[in-house]
Amino acid sequence: MKTYSFLQKNDLPEHARRLSRFFQWVPVAVVFLLPDSPLCAQSADSLQQLPPEQVARTSTFDVQHIALDLRFGFEKKQAVGTATITLSPLAATDNIALDAGFLSINDIRTASGAMLKFDYDGSDKNDALKIKLDRKYAAGERITLKIGYHTNYLNKSDPNNLWGSYGKGLRFFEPTSTEPRKRRQIWSMGEPQGNRYWFPGRDAPGDLRTTELRATVDKNLTVISNGKLVSRQENTDGSSTFYWKTDTPHANHQTAFVAGEYVDFSQNQDGIELHNFGYPDEQEATRASVVRLPDMLRFFSDITGAKYPYPAYNQVFVQDFPWGGGHNTGSSTISENMIDDAGTHADFFYLWDGVEAQDLAAQWFGNLLTPADWPDVWLCKSFAFYFDCLYTEYKNGRDEMLLWNRNFQHSTGMADWQAGIRRPIVTRHYDDPATLCFDNYALRGALVLHMLRKQLGEEKWRKAIRFYVKNHAGKPVTTEDFRRAIETSTGEPMDWFFDQWLYRVGHPVFEVSKNYDAGKKQLALVVRQVQKTDPGNPYPQVAFFQGKTDVEIDGRIESVRLEPKAENVFLFAAATEPKLVNFDVESTWIKELRFEKTPEELRYQFQNSRDIVARRSAMFELAGLYKQENTPAAEKTNIQSAFRAVISGNAYWRLRYSALLTLQGLLASQPLDKATVDLLMAVIQNEKSWNRAAAITFLGMSKDPQNADLFIRHFNDESDRVVNAAANALGKTGDPRAFDALVKLKDKPSWKNQSLISALNGLRELGDPRGVELALDALKDAAAAPRWTLATPVWDFRLAAAETLVALGKGSDGYDIVYPRWMQSMEENDVNDIFSNVLLLVTLGDARGLAVFPALKEKFKDDTNVMKAVVSYEEQLKSMLK
């Protein structure tokens, strides 16, 4: 499963995102687009065309087993061998059609060796490989076909996603001139229809079969695949053959393998073997990064009521794999970015534990229960996201789940809506299965599951999930199967809920007002739905929404039910006029909300609500109020005081962190007063790493050399987030000791170049021309300085080096380093390397860099996706040169 981009696709170059992962990551998801924001209007654009209806593939046969026997070679980047496919016709037939993507088919034979005629145009269309059988076979009769073939290398890396892309077919990686420390590895990713590019079969998620793989590779490589490793054989030609077999039927896209140099760190939970395949030089980090895996397996087994369904579970960590992971039957392929030393992983637990939890959860929701067809893929994707939420809530607390998981999901969904990406979660109208598998609507589905949980209540929710899993395990499932399981187990009719949130488009826009009647001692809450249907959207839409929600009134929680109409009025007893009225506690609904409140009410909500989401919402409203020119100075003082009270209080750390960042933004243009400095000093002394880093960054705004000693001391902090903040802050002071301290910092041992990147960032802020030498050394390559390597991709510090050179006015000095590297990458024809170098050339901002674009346009003129990247980078550079 792909874990989705945390920034909008074109907001930041991909390698910059990798850099931000270590230092500039804001662990509050999308900060300024709130679930309750009125900014996301449901406005109509021009009339859109409804995508074509994709009917379920009709099947004329049942694939029962696929046995692959392949030799993998790096020289031609191909696999050569056979696929032996056992199948049965559903009706009498003398022909079979299989899916094959750009394969070279040599011959097809029956089990007895009889040669069969076939027709194949070499394309990747459905049913492209048409086979004439030797006779007419009856329904249910077993047929075995042995297909000799080889794959053809598809250089389909995505330059828009340089940190890794799924691509098509097999992915071969090995060291290059640009990336001399790139791992030697091969991997596949089948979802949704990628496996046809390395073996013939049938890409239909509801068609389940067993598999076996005999993979012959160079003897220094290890192969990990589905099921059980039956044997490993050393061959006389210096190769090894791994034999993997699984007796569990699974969908075609869930077959996968990885080959590379790996060491297995094994764990055990309730008799289930857990294998974590990491690189040999990252063994300790692999152990530190997977410490919660056994607990995750125990948790998911408990909540689903079903033991983990396979004898073992494999996690394989792969460099250049897309950000996140991909689940397969009994095995997951996960980005090597997850692997960190203990200190770094502790800072990023919320991110990478989530990736690990999602792929493990998909072993139940996706493998044990496989979506019957692509429109039902949310039953895998959304369930994996939401069961990650459930694990987060169990392990890290409800506030963490609300502020991290659900805030990100809600903000991303609203951002997509604002961008015009609007479709039902479940629909047969789509352009390609990849749209349903990989767009952000899986996140919306997770939000729907949370609403369903709140709608049913905890007891019925858990009962429904267990009933659904028990009654559909090992079978293809549909959305209607899930609905019926809920209704049968709980007695609750769910057709309205599924129709409203899954089969239709839209969300409510609430305008809420309140009135207190002192005589009646009664609070009236008026909830209006003011959304309008979008005439430009051809999908079915909801006029008015219904369902349960909660209202917080001075600390007590009242449950109400909204009827599907324009206005609902709710009356509550209240002895005195409430100081706090919070509609839709924890922002459970997918919605927009307009609820006017006074500054006093907002400050009270910010500091006192039981609902952490309401506190955050009030915080951002107060920030907006503070920025208004007509806000009185006294009120601004009150707002500052409210922020300080929350930051120094006992609220959950992520809210206090968000408050620190927000207050920093409010005070960016003014000197820091004593109260603020004292607050920051207290945070630096007492708080956890993210808050310490934020406070140091905040304090660094003052550029006061008196703080230089403090910043230098924090170069020894246990967290590299804090070290980087201190390096940036020290650079801003201009202190005479800063240059030597920053240059020395580069030699501090750290995981994945963090000390070097921090040093470069600090030198960028310092502006000392002596920093050019270090930046040029880093840009040239880590090979000249082994202390920097630590088995890491090199792009993190190269990009930091380029940015530092630009800040120091020497961007052109880097051109002579990067341009020859780009030329070499063009000769080697590695798309990742080509565009990694293009990114550096654009970052350096030298006009000579424009010379690369004619060659790129000629080379990739037939690849629409790559051409988008070429044009985008060219426009960026031209914009910089204006």
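Residues numbered from 1 in each chain as written. Predicted model: local features only at pLDDT ≥ 70, side-chain atom pairs only at ≥ 80, totals over all residues. Heavy atoms only, no water.

## Examining the overall build of the chain
- Tallying secondary structure elements over the chain gives 28 helices and 28 strands in all.
- For the C-alpha atoms alone, the extent of the chain along its principal axes is close to 90 × 70 × 55 Å.
- Partitioning the contacts of the chain with sequence separation of at least 6, the portion at a separation of at least 24 is 72%.
- Split by element, the accessible area of the chain, about 32,800 Å² in all, is 50% carbon and sulfur.
- Taking the average location of the 104 positive side-chain charges in the chain and that of its 113 negative ones, the two points are 1 Å from each other. (Helix = DSSP H or I, 4+ residues; strand = E, 2+ residues; numbered from the N terminus. Contact = heavy atoms within 4.5 Å. Areas by Shrake-Rupley, 256 points an atom, 1.4 Å probe, with all protein chains shown as cover. Lys, Arg positive; Asp, Glu negative; His and termini not counted. Charge placed at Lys NZ, Arg CZ, Asp CG, Glu CD.)

## Section: the confidence of the model for the chain
- Of all residues in the chain, 92% have pLDDT values of 70 or greater, and the mean over the chain is 91.
- Contacts for the low-pLDDT stretch residues 161-165, under 50 throughout, to residues beyond four places or in other chains number 25 contacts.
- Overall, residues 782-795 carries pLDDT values under 50, and its contacts beyond four positions in sequence, including any with other chains, amount to 40 contacts. (pLDDT = per-residue confidence, 0-100.)

## A few points about the pairing of strand 26 (residues 567-573)
- Residues Asn568, Phe570 and Phe572 line the buried face of strand 26, whereas the alternating positions Glu567, Val569, Leu571 and Ala573 sit on a face that is not buried.
- For strand 23 (residues 522-529) and strand 26, the ladder comprises 7 bridges, and the chain directions are antiparallel. Looking at strand 26, one finds that Leu523 is bridged to Phe572. (Buried < 20%, exposed > 50% of the residue type's maximum accessible area, 1.4 Å probe, protein only. Pairing = 2+ DSSP bridges.)

## Notes on the sheet that holds strand 3 (residues 93-98)
- Spatial ordering of the open sheet is given by 3-6-5, a layout of 3 strands whose pairing is antiparallel. For this open sheet the edge positions go to strand 3 and strand 5 (117-119), each flanked by a neighbour on one side alone. Strand-to-strand twist in this sheet, taken as the mean axis angle between neighbours without regard to direction, amounts to 30 degrees. (Axes fitted to C-alpha atoms, helices over the stretch in contact; angles between N-to-C directions.)

## Let's talk about the sheet that holds strand 28 (residues 592-595)
- The strand order across the open sheet built from 4 strands is 26-23-22-28, with neighbouring strands paired in mixed fashion. The open sheet is flanked by strand 26 and strand 28, the only strands paired with a single partner. Averaged over all pairs of adjacent strands, the angle between their axes in this sheet comes to 20 degrees, without regard to strand direction.

## Considering the nonpolar core
- Formed by 192 residues in total, the largest nonpolar core has its most connected members in Phe300, Phe383, Tyr468, Phe482, Phe583, Phe835 and Leu856.
- The biggest single contributor to this core is helix 9 (residues 441-456), with 10 residues.
- Residue contacts for Phe583: discarding those within four places in its chain leaves Phe510, Val512, Leu525, Val527, Thr549, Asp550, Val551, Leu562, Leu593 and Phe595. (Core = buried A, V, L, I, M, F, W, Y, C linked by side-chain atoms within 4.5 Å.)

## Quick look at the pattern of salt bridges
- The tally for this structure, following the rule as stated, stands at 65 salt bridges.
- In this structure, the salt-bridge partner of Arg654 is Glu400, at a minimum N-O distance of 2.6 Å. You can see Arg654 sitting in helix 16 (residues 653-666) and its partner Glu400 sitting in helix 7 (residues 398-418), a full 254 residues away along the chain.
- When its relative accessible area of 0% is taken as the criterion, Arg654 is described as buried. (Salt bridge = Lys/Arg side-chain N within 4 Å of Asp/Glu carboxyl O.)

## A word on the packing of helix 14 (residues 612-627) against helix 16
- Two elements in contact, helix 14 and helix 16, have axes whose closest approach is 11 Å; the angle formed by their N-to-C orientations is 5 degrees. On the basis of their axis angle, the class for helix 14 and helix 16 is roughly parallel. Of helix 16, the residues touching helix 14 (which contributes Ile612, Arg615, Arg616, Met619, Phe620, Ala623, Tyr626 and Lys627) are Leu655, Ser658, Ala659, Thr662 and Leu666.
- Residue composition of the contact of helix 14 with helix 16, by class: 8 nonpolar, 2 polar and 3 charged. (Parallel < 35°, antiparallel > 145°, perpendicular 65-115°, else oblique. Nonpolar A, V, L, I, M, F, W, Y, C, P; charged D, E, K, R; others polar.)

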